[in-house]
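# What the coordinates show
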Amino acid sequence: MRQRILLIILGVVILIALYTFIFRKPNPTVARATVKAKAQTKEKVASVKEKTKTTAEAVKKMIPPLSVKPESIVVETEAEKGKWGTDPFARGWMLSTEITDLRLRAITQSGNKAYALINDQILEAGEMIAGKKIVAIEKDRVILEQSGRTFTLILGE
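A brief structural summary. Per chain, residue numbering runs from 1 following the sequence as it is written. Selection of residues for local features in this predicted model requires a pLDDT of at least 70, selection of side-chain atom pairs for listing and counting requires 80 or more, and totals for whole chains, interfaces and linings are taken over all residues. Heavy atoms throughout the structure, all of them, feed into the side-chain values; hydrogens and water do not.

### Considerations on the overall build of the protein
- Each helix is a run of H or I in the DSSP string that is no shorter than four residues. Each strand is a run of E no shorter than two, and both are numbered from the N terminus. Broken down by element type, the protein carries three helices and seven strands.
- Each helix (α) and strand (β) of the protein, taken in turn from the N terminus, gives the series α-α-α-β-β-β-β-β-β-β.
- Taking all 157 residues of the protein together, the buried fraction comes to 10%.
- The contact definition used throughout considers only heavy atoms, calling two residues in contact when any of these lie within 4.5 Å. Restricting the contact set of the protein to residue pairs at least 6 apart, pairs at least 24 apart contribute 32%.
- Surface accessibility follows the Shrake-Rupley procedure with a 1.4 Å probe radius. Residue values consider only the protein chains on display as shielding. As displayed, the protein has an accessible area near 13,900 Å², and 60% of this comes from carbon and sulfur atoms. Think of it in three bands: residues with accessible area under 20% of the maximum for their type are buried, residues over 50% are exposed, and the middle band is partly exposed, with areas taken using a 1.4 Å probe on protein chains only.

### Concerning the sheet that holds strand β6 (residues 141-146)
- Here we have four strands laid out as an open sheet, ordered β4-β5-β6-β7, and antiparallel in their pairing. Where the open sheet ends on each side, the last strands, each with one partner, are β4 (128-129) and β7 (149-154).
- Pairing between strands is defined by DSSP: at least two bridges between the two strands are required. As judged from the two bridges shared by β4 and strand β5 (residues 132-137), these two strands associate in the antiparallel manner. The residue of β5 that forms the bridge with I129 is K132.

### Here we look at the packing of aromatic side chains
- Only rings of Phe, Tyr and Trp enter the pairing, Trp through its six-membered ring, and a pair is recorded when the two centres are within 6.5 Å. The plane angle decides the type: under 30 degrees is stacked, over 60 is edge-to-face, the rest tilted. Scanning the entire structure with this criterion turns up zero aromatic pairs.
- It is K132 that lies over the ring of F151; its NZ or CZ is 5.2 Å from the centre. Counting as a charge over the ring demands two things of the Lys NZ or Arg CZ atom: a distance within 6 Å of the ring centre and an angle within 35 degrees of the ring normal.

### A short note on the pairing of strand β1 (residues 104-110)
- Examined bridge by bridge, β1 and strand β2 (residues 113-118) share six bridges and lie antiparallel to one another. Bridging from a neighbouring strand, A106 pairs with L117 of β2.

### Let's talk about the nonpolar core
- I118, I134, V142, L144 and L153 are the most contacted members of the largest nonpolar core, which totals 13 residues.
- Elements with a contribution of two residues or more to this core: β2, β5, β6 and β7.
- Broken down by element, the residue count for this core peaks at three residues, all from β2.
- Ignoring anything within four residues of it in the chain, the contact list for V142 reads L104, I107, A116, I118, I134, A136, I137, F151, T152 and L153. The criterion is simple. A nonpolar core is a set of buried Ala, Val, Leu, Ile, Met, Phe, Trp, Tyr and Cys residues joined through side-chain atoms within 4.5 Å.

### Considering the sheet that holds β1
- One open sheet holds the three strands; their spatial order is β1-β2-β3, and the pairing between them is antiparallel. Two strands in the sheet have a free side with no partner beyond their single neighbour: β1 and β3 (121-124). Going from strand to strand, the sheet's axes swing by 25° on average, the running direction of each strand aside. Orientation is described by lines fitted to C-alpha atoms, with helices fitted over the stretch in contact, and by angles between N-to-C directions that extend from 0 to 180 degrees.

### A closer look at the pattern of salt bridges
- By salt bridge we mean one thing: a side-chain nitrogen of Lys or Arg within 4 Å of a carboxyl oxygen of Asp or Glu. Scanning all chains against the criterion turns up three salt bridges.
- Across the pair E124 and K113 runs a salt bridge, and its minimum N-O distance is 3.6 Å. Residue E124 is located in strand β3, and its partner K113 is located in strand β2; the two are separated by 11 residues in the primary sequence.
- E124 gets classed as partly exposed once you look at its relative accessible area, which sits at 25%.
- On the basis of relative accessible area, K113 is assigned to the partly exposed category, the value being 43%.
- Taking the shortest distance from any N to any O, the salt bridge between R141 and D140 comes out at 3.3 Å.
- Exposure remark for R141: the relative accessible area of 29% places this residue in the partly exposed category.
- By relative accessible area, which is 34% here, D140 ends up partly exposed.
- Each member of the salt-bridge network shares a partner with another, and the members are E138, D140 and R141.

Structure below.
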């Protein structure tokens, strides 16, 4: 009994599907709207292509063609092939840990000379501390140098 009911339901579903997909005609307003949308899309694409073409022509007119002069061609010699120029791995910045062990406690001036109290040592310009040379002592900072790099100690930091 259950099998018969299931077979009847299955048959009805198949008939509805066949009617919907095979015998039923598409809605004419939807079909017209689809055709109209396709036509509008084609018009927009043609318009964009035309604008692109005219823009490309205008750019070609504005930019003169490149002409390569023989003297502008650089030939690299065998000796120059091994040279890199500047070191791409050399850092132009400093690690904050490179000067964290240095504490600027005070700055004082006596006549033309300035002194800085760094890590309980009284130092003046030209002296060394922790491998760094004191380049200048200003009113609120000390400028140090090591291997071409400069470091600044600011009073109160």
